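Chain by chain, the residues run as shown.
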Amino acid sequence: SSASAGLSLVEERMRSSVLAALFAAAAGVSALQLDACPADRCGSPTAANACPLAPVLGASESGGSPEKLFVANESPRPARLLRVDETGAEQEHALLPPAGRLTLNTAQGVVWRARSLQAATGGLAASPTEGKLLMEHKVSPIRIEGCECPLRKAPACNRPPFRGYRTSWDPVVFENSSPHALELTWLDTDCEEALEIGASTVLPPFASVRFIATYGHTFRAHALGRSEGAPGALLRQHTIGDLLIPDCEEAAQAKAQGTGAVKEAEALVQVNAEASYAASTELLAANNALRLRLEVVRSSLRTAKNATHTAAIVASSSVSKAASVSAASDMLVALLAPAGGSVPGLW
């Protein structure tokens, strides 16, 4: 019985420790030291890596929810796009020319690969599945890990969630793989709109949620801890965009020339990405300001048009009244004047 009592005490202490850890996680991550997230998880593109040597993702999984995939060929050579089935066999789907782009109706769990027309050993590939591997990708949820991105401040929009008509149907799934409760927001130019998750705006630890979104929209995941409209730690930023088939052969050549050239290229990509983000934000803000100014001008024109119409009605009424008075005077003169004479003292 003493051993049983000791075991119960250990279990109780473990249970208390787990509850304390969960409580701390739910309270937010402001007191925790988080590692920095990779740049691609924070909304910045990364330099292309060398071509993968061999597939590592395996066969596709069946039964996943519908998804859209946008694929763009950034290499200067044609690329074959292949779908991996549930047995691991590759099925040719399309041939993308340089700068070509394709929208795929696919599903969560499906594996896609891109191959060159050239074989890895040189020369033309004997079959589509023997081309040099350029890229492979598994359609998966956007995972939010326990790491932190540099915080880009944006106030809360403080408005009801968008429920209007969407011009496109682009699903996205977010999976909270961290032990921290968080909230998801949609970045609308210069403010963030909280997304509804069931009856609240909180995504619990190790939970997932699916939204119907739009290509080009940017989402952010914040740890709980907003105060006076300020967001908590930024854990992930994701934009619905293209899956790129990179010019990985050129990247491999640059790497072979020395790590200095690669680091310089990566730094240049990072600088260009930040500049593009700032320029697009400024352009969107200017566009919104122009739309407001145009609405003010339209309102002024409508007011001026109404005033002109009213003035015209008043003027027309005055002219009609003057004509009526003149006609009455002429009739009075005709009645009072003798034949061939005039009315003395009337004018």
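Note that the structure is predicted; figures quoted are calculated from it, not measured. Residue positions are given per chain, counting from 1 as you read along its sequence in written order. Since the coordinates come from a predicted model, pLDDT governs what is reported: local features require at least 70, and pairs of side-chain atoms require 80 or more to be given and counted, while whole-chain, interface and lining totals use all residues. With hydrogens and water excluded, all non-hydrogen atoms of the structure serve as input to the side-chain values.

### Quick look at the pattern of salt bridges
Phase 1 of the analysis: Note on definitions: salt bridges are taken to be side-chain nitrogens of Lys or Arg within 4 Å of carboxyl oxygens of Asp or Glu. Using the criterion set out here, one finds eleven salt bridges in the structure.
Phase 2 of the analysis: Linking Asp 242 and Arg 101 is a salt bridge whose minimum nitrogen-to-oxygen distance equals 3.0 Å. Taken together, the residues span a long stretch of sequence, with Asp 242 in the loop between strand E16 (234-239) and strand E17 (243-245) and Arg 101 in strand E5 (residues 101-107) at a distance of 141 residues.
Phase 3 of the analysis: In this scheme, a residue with accessible area under 20% of its type's maximum is buried, one over 50% is exposed, and one in between is partly exposed, where area comes from a 1.4 Å probe on protein chains only. A residue is classified by how much of its surface remains accessible, and Arg 101, at 42% relative accessible area, is partly exposed.
Phase 4 of the analysis: The partner of Arg 143 in a salt bridge is Glu 175, and the shortest N-O contact between them spans 3.1 Å. Note that Arg 143 is positioned in strand E8 (residues 142-144) and Glu 175 in strand E10 (residues 170-176), a separation of 32 residues in sequence.
Phase 5 of the analysis: Since its relative accessible area comes to 34%, Arg 143 is described here as partly exposed.
Phase 6 of the analysis: Through salt bridges with shared partners, a single ionic network connects Glu 90, Arg 113, Arg 115 and Glu 136. To qualify as a helix, a DSSP run of H or I must reach at least 4 residues; to qualify as a strand, a run of E must reach at least 2; elements of each kind are numbered from the N terminus.

### Thoughts on the state of the cysteines
Phase 1 of the analysis: Two cysteine sulfurs form a disulfide in these notes if their separation is within 2.5 Å. Counted according to the given criterion, the structure contains three disulfides.
Phase 2 of the analysis: Two residues share a disulfide in this structure: Cys 37 and Cys 147, whose sulfurs sit 2.0 Å from each other. Because the sign of the S-S torsion sets the handedness, a value of about 105° for the bond joining Cys 37 and Cys 147 places this disulfide among the right-handed ones. On the criterion of sequence distance, the pair formed by Cys 37 in the loop between strand E1 (35-36) and strand E2 (66-73) and Cys 147 in strand E9 (residues 147-148) is long-range, its members being 110 residues apart. There is no split in this pair, since Cys 37 and Cys 147 are both buried.
Phase 3 of the analysis: Each sulfur in the disulfide pair Cys 157 and Cys 191 lies 2.0 Å from the other. Measuring handedness by torsion sign, the sulfur bridge of Cys 157 and Cys 191 sits at about 90° and is right-handed. Of this pair, Cys 157 sits in the loop between E9 and E10 while Cys 191 sits in strand E12 (residues 191-194), placing them 34 residues apart in sequence. Like Cys 191, Cys 157 is buried.

### Structural notes on the sheet that holds strand E14 (residues 208-213)
Phase 1 of the analysis: Strands qualify as paired when DSSP identifies two bridges or more between them. Pairing within the open sheet is mixed, and its three strands lie in the order E8-E10-E14. With partners counted over all chains shown, the strands left at the sheet margins are E8 and E14, one partner each. Looking at each pair of strands side by side, their axes are set apart by 25° on average, direction ignored.
Phase 2 of the analysis: Relative to E10, E8 runs parallel, the two being bridged by three bridges. Its bridge partner being in E10, Ile 142 is matched across the sheet by Phe 174. Only the stretch in contact is used when a helix axis is fitted, and all axes are lines through C-alpha atoms; the angle between N-to-C directions ranges over 0 to 180 degrees.

### Regarding the confidence of the model for the chain
Phase 1 of the analysis: Per-residue confidence from the predictor is reported as pLDDT, which spans 0 to 100. Chain-level statistics for the chain give a pLDDT mean of 77 and a share of 64% at 70 or above.
Phase 2 of the analysis: Looking across the chain, the model is least confident in helix H1 (residues 2-26), with a mean pLDDT of 47, and most confident in strand E3 (residues 79-84), with 96.
Phase 3 of the analysis: Contacts between residues were defined by any pair of non-hydrogen atoms, one from each residue, lying within 4.5 Å. Contacts of residues 1-7 to residues separated by more than four positions or lying in other chains number zero contacts, the stretch itself having pLDDT below 50.
Phase 4 of the analysis: Confidence over residues 342-347 falls short of pLDDT 50; this stretch has six contacts with residues more than four positions distant or in other chains.

### Let's talk about the nonpolar core
Most often, soluble globular proteins keep nonpolar side chains buried together rather than apart.
Phase 1 of the analysis: Grouped together as the largest cluster of nonpolar side chains are 21 residues, with contacts concentrated most on Phe 174, Leu 184 and Phe 211.
Phase 2 of the analysis: Contributing elements (two or more residues each) for this core: E8, E10, strand E11 (182-188), E14 and strand E15 (218-223).
Phase 3 of the analysis: Contacts of Phe 174, omitting those with residues within four sequence positions, involve Ile 142, Ile 144, Leu 184, Leu 203, Ala 207, Ser 208, Val 209, Phe 211, Phe 219 and His 238.
Phase 4 of the analysis: Grouped together as the second largest cluster of nonpolar side chains are 17 residues, Leu 69, Val 71, Met 135 and Cys 248 included. Nonpolar core, defined: a set of buried Ala, Val, Leu, Ile, Met, Phe, Trp, Tyr and Cys residues in which side-chain atoms within 4.5 Å join the residues together.

### What about the sheet that holds E17?
Phase 1 of the analysis: Pairing is mixed in the open sheet, where three strands are placed in the order E5-E2-E17. Because the sheet does not close on itself, it has two edges, and the strands there are E5 and E17. The sheet shows a mean angle of 30° between the axes of neighbouring strands, taken without regard to direction.
Phase 2 of the analysis: With seven bridges connecting them, E2 and E5 associate as antiparallel partners. Residue pairing for E5: Pro 66 is matched across the bridge by Ala 107.

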